Amino acid sequence: MSTAPRSSSANPPRKKPGAAKGRGRNRGLTPAEVAEVFRRFQAADPEPKGELEHSNPYTLLVAVVLSAQATDAGVNKATRALFQKADTPEKMVALGEDVVREHIRTIGLFRAKAKNVILLSERLIREFASEVPQDRDALETLPGVGRKTANVVMNVAFGAPTMAVDTHVLRVSNRIGLSDGKTPLKVEEDLLAKIPQEYGVFAHHWLILHGRYVCKARKPECPRCLIRDLCRYPDKTPG
Ligand code: SF4
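Bear in mind the structure is a predicted one, so any value in this text is a computation, not a measurement.

**Some remarks on the overall build of the protein chain**
Helices and strands together make up the secondary structure of the protein chain, namely 11 helices and 0 strands. Along its sequence from the N terminus, the protein chain presents helices and strands in the succession α-α-α-α-α-α-α-α-α-α-α. Relative to its 239 residues, the protein chain shows a buried fraction of 35%. For the protein chain, restricting intrachain contacts to residue pairs at least 6 apart in sequence, the fraction spanning at least 24 positions comes to 59%.

Laid out in structure tokens, this is it:
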């Protein structure tokens, strides 16, 4: 009877797309290399912008809440008409949950999100004089707002050097060698510690956009990548 372990080399465990193969661990970048990565991102795109459409901190907050498990394009399609009718907490509450739900029904989890949009709007009116708070603790008390949403709002609306880590940022940070963290929080901590302050405000935009359009999950476009020579990913797309 065979006593071979189940994960023998004849039947290796499946790796997720993007995971490093067994050619040595992904060594992290040196501080000088990290600075060079962001110098190049900045040179290529000096003022990157997020892709969620909004007209003020409140509509940004709502758009980010709606964007959980949805694409920015899908959210923008739904919010264009919604924000024309309601771009303040008062107007949103006056619109009511049923109308909000109808506007966003093409977005995943729309029922729970419509409820949260109304609840957070009521709370803003009641406890924050209808203003979006600028600090993390206050933001995270709002219904539907977690750490990542708070980071995006603090960064985009108020210019704080926060790192919102989504699936793109996590993957790209692992591949490049900016972080070997496997959770958003660990990657966030690594990025905050390693990225020079001067790049702090735009860093998460550069990483998201890089992940969305170049360093894609299944087949990264390494031949046209501007940091290819610095990147530690062992399975770069040849060409
Ligand atoms: S070289 Fe390839 S894996 Fe590395 S950052 Fe660029 S696109 Fe991603």
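Next comes the rest of the description.
**Here we look at helix H10 (residues 184-194)**
Listing the buried residues of H10 in full gives Val187, Glu188 and Leu191. Seen end-on, H10 carries its buried residues on one side only, within an arc spanning 100 degrees. H10 presents Leu185 and Ala193 as exposed residues on the side facing more than 90 degrees away from its buried surface. In this structure, the buried residues of H10 make contact with helix H9 (167-176) and helix H11 (203-213).

**Describing the packing of H9 against H11**
To describe two helices that pack against each other, one gives the angle between their axes and the distance between the axes. Running from amino to carboxyl end, H9 crosses H11 at an angle of 85 degrees, the nearest separation of the two axes being 8 Å. Judged on the interaxial angle alone, H11 and H9 are roughly perpendicular. Across the interface between the two elements, His168, Val169, Arg171, Val172 and Ser173 from H9 touch His204, Leu207, Ile208, His210, Gly211 and Arg212 from H11. For the contact of H9 with H11, the class distribution of residues is 4 nonpolar, 5 polar and 2 charged.

**Things to note about the environment of Arg39**
Here Arg39 is to be found in helix H1 (residues 31-44). Arg39 sits in the partly exposed class, given 14 other C-beta atoms within 10 Å. Here the alpha-carbon distance between Arg39 and Tyr199, two residues 160 residues apart in the chain, equals 8.3 Å.

**Examining the nonpolar core**
Residues Leu61, Val65, Val117, Val153 and Ala203 are the most contacted members of the largest nonpolar core, which totals 57 residues. Mapped onto this core, the elements with two or more residues apiece are H1, helix H2 (57-66), helix H3 (72-85), helix H6 (110-127), helix H8 (147-158), H9, H10 and H11. Here this core gets 8 residues from one element, more than from any other, and that element is H2. Here this core gathers at least three residues from each of two domains, domain 1 (31-47 + 162-224) and domain 2 (57-158).

**Observations concerning the UniProt feature "binding site: [4Fe-4S] cluster" (unreviewed entry) in the protein chain**
Residues annotated by UniProt as "binding site: [4Fe-4S] cluster" (unreviewed entry) correspond here to Cys215, Cys222, Cys225 and Cys231. Spanning 17 residues, the named residues form one tight spatial group whose C-alpha atoms are at most 10.7 Å apart. For Cys222, the location among the structural elements is in the segment after H11. Beyond its immediate chain neighbours, meaning those up to four positions away, Cys222 contacts Arg228, Lys236 and Thr237.

**Remarks on the confidence of the model for the protein chain**
With 89% of its residues at a pLDDT of at least 70, the protein chain reaches an overall mean of 90. Below a pLDDT of 50 lies the segment residues 1-25, which in the model reaches 13 contacts outside its immediate sequence neighbourhood of four places, other chains included.

**Description of unusual backbone geometry**
Glycine aside, a negative phi is what most residues show, and trans is what most peptide bonds show. Despite not being glycine, Gln69 shows a phi value in the positive range, around 55 degrees. Here Gln69 lies in the loop between H2 and H3.

**Quick look at H8**
Along an α-helix, residues three or four apart share an orientation, since each turn contains 3.6 residues. Between its first and last C-alpha atoms H8 spans 16 Å; for 12 residues at 1.5 Å apiece the expected length is 16 Å, and the two agree. Taken as a whole, H8 has its buried residues at Lys148, Thr149, Ala150, Asn151, Val152, Val153, Met154, Asn155 and Val156. Where the residues of H8 are buried, they touch H2, helix H7 (136-139), H10 and H11. Phi for Gly159, located one or two positions after H8, is positive at around 70 degrees.

Cut-offs used in this document
Residues numbered from 1 in each chain as written. Predicted model: local features only at pLDDT ≥ 70, side-chain atom pairs only at ≥ 80, totals over all residues. Helix = DSSP H or I, 4+ residues; strand = E, 2+ residues; numbered from the N terminus. Buried ≥ 20, exposed ≤ 12 C-beta atoms within 10 Å, placed from the backbone. Contact = placed C-beta atoms within 7 Å. Arc of directions from axis to C-beta. Axes fitted to C-alpha atoms, helices over the stretch in contact; angles between N-to-C directions. Parallel < 35°, antiparallel > 145°, perpendicular 65-115°, else oblique. Nonpolar A, V, L, I, M, F, W, Y, C, P; charged D, E, K, R; others polar. Core = buried A, V, L, I, M, F, W, Y, C linked by C-beta atoms within 7 Å. Domains from an automatic or database assignment. UniProt positions renumbered as here; feature names shortened; annotations may be inferred. pLDDT = per-residue confidence, 0-100. Expected span 1.5 Å × (residues − 1).

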